[in-house]
Amino acid sequence: MFDVVIVGGSFAGLSAALQLARASRSVLIMDDGSPRNRMSPAAHGVPGWDGVPPAEILIQFRADLAGYPTVSFLNDRTDDISGAVDAFEVATESGECVRARRIILTHGVRDILPDVPGLDDAWGRTVLHCPYCHGYEVKGCPLAVLATGPMAAHQAHMLRADWSEDVTVLVNGVDGLDQQALSAASIRVDARTPLRLESGDGIRVTFQDGPAADFAAIFTAPKVDLAGSPAVRLCVGMSGGPMGPYVRTGPMQQTDIPGVFAAGDLATPMWNVNFAVGDGARAGAGCHQSLLFPDYIPALEKDAA
């Protein structure tokens, strides 16, 4: 019986584990080794680690935890979670089963990228999700926003305001964009259908008709999905974000299931390494407090709906 099983071993999960390790609580971190930002060559805006590859940061995080004898790792995918507070059972894809008094969910979300050939290969390098994370490196260059929904206009206005005077929205068949407001902000709108993306020094877009277009980078906001995830199997309460569902949490990252906490990308509509580390630390502290004082941090009440 572990005090805590943490499902997901990236930034949020390791941050949560560190708080519990320093209280000498027994922690098992279950992770399959495929963090969401594994495609990115650098994490930007992270104090002390600006421009360092995410994988290198995670190696150091794990090295920090190696000094605590109550922390262990299991390289496996979580298949199911059952039971209740003080008596959870976690089953893995390989058939192992472990027990825990508390659960912290930090397994992230699944990105649903626009269906444009070549985009998968460029994801994280010349197709990007966040101006705060990657905008500075392409500042002043021709940029595009590949629309996935109304948030495309928001991204375009941000990029035009502080990162580039040359911004184009690739409509990509998306309805509901205020093209008049975009044009008024000197943002170009291209309604042609993208056929393929090709990466080189930047990225080239070929269209169904007319000439190709070249950009330093394309920004896009992927839809996200939690279908089939441990969070869904536990039936934790969800909220609807602009790009998809996320787990609702209280002030100490508690969910509406007693003994279950959540942090990182699956528990926020806005994704960032710094947010994940901070929320993970809060989840670890909240989880520890719940072990000491079960009534001090109650579960988040479910919505009437």
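Residues numbered from 1 in each chain as written. Predicted model: local features only at pLDDT ≥ 70, side-chain atom pairs only at ≥ 80, totals over all residues. Heavy atoms only, no water.

Tell me about helix 2 (residues 54–65), and please be specific about residues and values.
With twelve residues, helix 2 ought to run about 16 Å at 1.5 Å a step, and its terminal C-alpha atoms sit 17 Å apart, in line with that. Buried residues of helix 2: Pro54, Ile57, Leu58, Phe61 and Leu65, and no others. The buried residues of helix 2 all sit within an arc of 100° when viewed along its axis, so they share a single face. More than 90 degrees from the buried face of helix 2, the exposed residues found are Ala55 and Ile59. Elements in contact with the buried residues of helix 2: helix 1 (11–21), strand 2 (27–31), strand 3 (71–75) and helix 8 (273–292). (Helix = DSSP H or I, 4+ residues; strand = E, 2+ residues; numbered from the N terminus. Expected span 1.5 Å × (residues − 1). Buried < 20%, exposed > 50% of the residue type's maximum accessible area, 1.4 Å probe, protein only. Arc of directions from axis to C-beta. Contact = heavy atoms within 4.5 Å.)

A description of unusual backbone geometry should follow, citing residues and the corresponding values.
Here the phi dihedral of Asn172 falls at roughly 55°; this positive angle occurs in a residue that is not glycine. Assignment of secondary structure puts Asn172 in the loop between strand 10 (167–170) and helix 6 (179–184). For Asn172, a relative accessible area of 24% translates into the label partly exposed. The backbone phi angle of Cys235 is positive, close to 65°, even though this residue is not glycine. Within the secondary structure layout, Cys235 lies in the loop between helix 7 (230–233) and strand 17 (238–241). Using a relative accessible area of 54% as the deciding quantity, one classes Cys235 as exposed.

Just give me the short version of the environment of Thr249, but keep the residues and values in it.
Of note, Thr249 is situated in the loop between strand 18 (244–247) and strand 19 (260–262). For Thr249, a relative accessible area of 23% translates into the label partly exposed. C-alpha of Thr249 to C-alpha of Ala21: the two residues are 228 residues apart in sequence and 22 Å apart in space. Those residues in contact with Thr249, other than ones at most four positions away along the chain, are Gln254, Thr255, Ala262, Ala267 and Leu300.

Give me the lowdown on the pairing of strand 12 (residues 194–199), citing residues and values where you can.
In this sheet, strand 13 (residues 203–207) lies alongside strand 12 in antiparallel orientation, the contact comprising five bridges. Across the sheet, Arg196 pairs through a bridge with Thr206, a residue of strand 13. Between strand 12 and strand 13, which pair antiparallel and follow one another directly, the connecting turn spans three residues. (Pairing = 2+ DSSP bridges.)

Can you break down the packing of helix 1 against helix 8 residue by residue, with the values?
The geometry of helix 1 relative to helix 8 is characterised by a closest axis approach of 7 Å and an angle of 35° between their N-to-C directions. For the crossing formed where helix 1 meets helix 8, the hand is right-handed. Residues Phe11, Ala12, Ser15, Ala16, Gln19 and Leu20 of helix 1 form the contact with helix 8, whose participating residues are Val273, Ala276, Val277, Gly280, Ala281, Gly284, Ala285 and His288. When grouped by side-chain class, the residues that make up the contact of helix 1 with helix 8 number nine nonpolar, five polar and no charged. (Axes fitted to C-alpha atoms, helices over the stretch in contact; angles between N-to-C directions. Left-handed = near helix turned anticlockwise from the far one by under 90°. Nonpolar A, V, L, I, M, F, W, Y, C, P; charged D, E, K, R; others polar.)

Describe in detail the sheet that holds strand 14 (residues 213–215), supporting the description with residues and values.
One open sheet accounts for three strands, arranged 12-13-14; its pairing is antiparallel. Edge positions in the sheet fall to strand 12 and strand 14, since each has one partner strand and no second. Neighbour to neighbour, the strand axes of the sheet diverge by 20° on average, direction disregarded. As paired strands, strand 13 and strand 14 are joined by three bridges and run antiparallel to one another. The residue of strand 14 that forms the bridge with Ile203 is Phe215.

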